[in-house]
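Read off the chains here:
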Amino acid sequence: QVQLVESGGGLVQAGESLKLSCAVSRSIENFDVVGWYRQVPGNQREMVATLTRYEGANYADFVEGRFAISKDSAKAMVFLQMTNLKPEDTAVYYCHTQTRALSPKYDRTYWGQGTQVTVSS
């Protein structure tokens, strides 16, 4: 069983920084994609940042150069460094890993429990 545990969320003021961490229960190298999504209650979960095996990093448009995703394979950790946070960044942030197959029906996706990020005005 794959387990992902996020940490590092909290309450900050607009313009401040926050670093999220995700501990993965197996080697990150087993996955084709690692990344972060976020969700506001009542809304759909949306992609924030991903690292794909061959395509590198990808960020949502709303990131606007403010976030950076990274990983430490030796420690099986994924990170999201967030700077210049805005109130609209307030959400629950989820760690995400995925193995991809030629047919999407065989993709395997895993989620963490989420960590709350709240940005005050």
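Refer to the structure presented above.
Here, residues in each chain are numbered from 1, in the same order as that chain's written sequence. Residue-level local features of this predicted model are given only where pLDDT is at least 70; pairs of side-chain atoms are given and counted only at 80 or more, and the full residue set underlies all totals for whole chains, interfaces and linings. Here the side-chain values reflect all heavy atoms present in the structure, with hydrogen atoms and water set aside.

A.B. asks: Describe in detail the environment of aspartate 89, supporting the description with residues and values.
C.D. replies: With respect to the secondary-structure elements, aspartate 89 resides in the loop between β8 (77-82) and β9 (91-99). Only protein chains enter the calculation, and the probe is 1.4 Å; a residue is then buried if its accessible area is under 20% of its type maximum, exposed if over 50%, and partly exposed in between. Residue aspartate 89 is classed as buried on the basis of its relative accessible area of 1%. Distance from aspartate 89 to valine 119, taken between C-alpha atoms, is 6.7 Å for residues 30 residues apart in sequence. The contact criterion used is simple: two residues touch if any of their non-hydrogen atoms lie within 4.5 Å. Not counting the four nearest positions on each side in its chain, aspartate 89 is found in contact with Arg38, Arg66, Phe67, Val117 and Val119. Side-chain atoms alone can form a polar contact between residues adjacent in sequence; in general such a contact is a pair of N or O atoms within 3.5 Å, and within protein one must be able to donate a hydrogen while the other accepts it. Of the polar contacts made by the side chain of aspartate 89, one reaches the side chain of arginine 66; its length is 2.7 Å. A run of H or I in DSSP counts as a helix once it spans at least four residues, and a run of E counts as a strand once it spans at least two, with each numbered from the N terminus.

A.B. asks: Outline the packing of aromatic side chains, listing residues and values.
C.D. replies: Any pair of Phe, Tyr and Trp rings, taking the six-membered ring for Trp, is counted once the centres come within 6.5 Å. Such a pair is stacked with planes under 30 degrees apart, edge-to-face with planes over 60 apart, and tilted for the rest. Under the criterion given, the structure shown has 2 aromatic pairs. Consider the rings of phenylalanine 31 and tyrosine 110, whose centres lie 6.0 Å apart with planes at 70°: the pair is edge-to-face. A residue pair is termed long-range when its members are at least 10 positions apart, and phenylalanine 31 in the loop between β3 (18-24) and β4 (33-39) and tyrosine 110 in strand β10 (residues 108-111) qualify at 79 residues. A ring pair is formed by tyrosine 37 and tryptophan 111, whose centres lie 5.0 Å apart and whose planes are at 80°; its orientation type is edge-to-face. A residue pair is termed long-range when its members are at least 10 positions apart, and tyrosine 37 in strand β4 and tryptophan 111 in strand β10 qualify at 74 residues.

A.B. asks: Requested: an account of the nonpolar core, with residues and values cited.
C.D. replies: Within the largest apolar cluster, 28 residues are counted, with the highest numbers of intra-cluster contacts made by Trp36, Val48, Val78, Leu80, Met82 and Tyr93. Counting only elements with at least two residues in this core, the list comes to β3, β4, β5 (46-52), β7 (67-72), β8, β9 and β11 (115-120). With 4 residues, the single largest contributor to this core is β3. With residues up to four places along the chain from it excluded, the contact list for methionine 82 reads Glu16, Ser17, Leu18, Leu20, Arg66, Phe67, Tyr93 and Val117. Put simply, a nonpolar core is a bunch of buried Ala, Val, Leu, Ile, Met, Phe, Trp, Tyr and Cys residues held in one set by side-chain atoms that sit within 4.5 Å of each other.

A.B. asks: Residues and numbers for the pattern of salt bridges, please.
C.D. replies: Any carboxyl oxygen of Asp or Glu within 4 Å of a side-chain nitrogen of Lys or Arg constitutes a salt bridge here. A full pass over the atoms with the stated rule returns 6 salt bridges. Close ionic contact of glutamate 64 with lysine 86 constitutes a salt bridge, the shortest N to O distance being 2.7 Å. Residue glutamate 64 is found in the loop between β6 (56-59) and β7, and its partner lysine 86 is found in the loop between β8 and β9; the two are separated by 22 residues along the sequence. What you see here is one network of salt bridges that share partners, running through Arg38, Glu46, Arg66 and Asp89.

A.B. asks: Tell me about unusual backbone geometry, residues and numbers included.
C.D. replies: Even without glycine at this site, glutamate 64 takes up a positive phi of about 55°. Under the relative-accessibility criterion, glutamate 64 is labelled exposed at 54%. Of note, the phi angle at asparagine 84 is positive, near 50°, even though the residue is not glycine. Relative to the elements of secondary structure, asparagine 84 occurs in the loop between β8 and β9.

Honestly, it's all geometry; don't read function into it.
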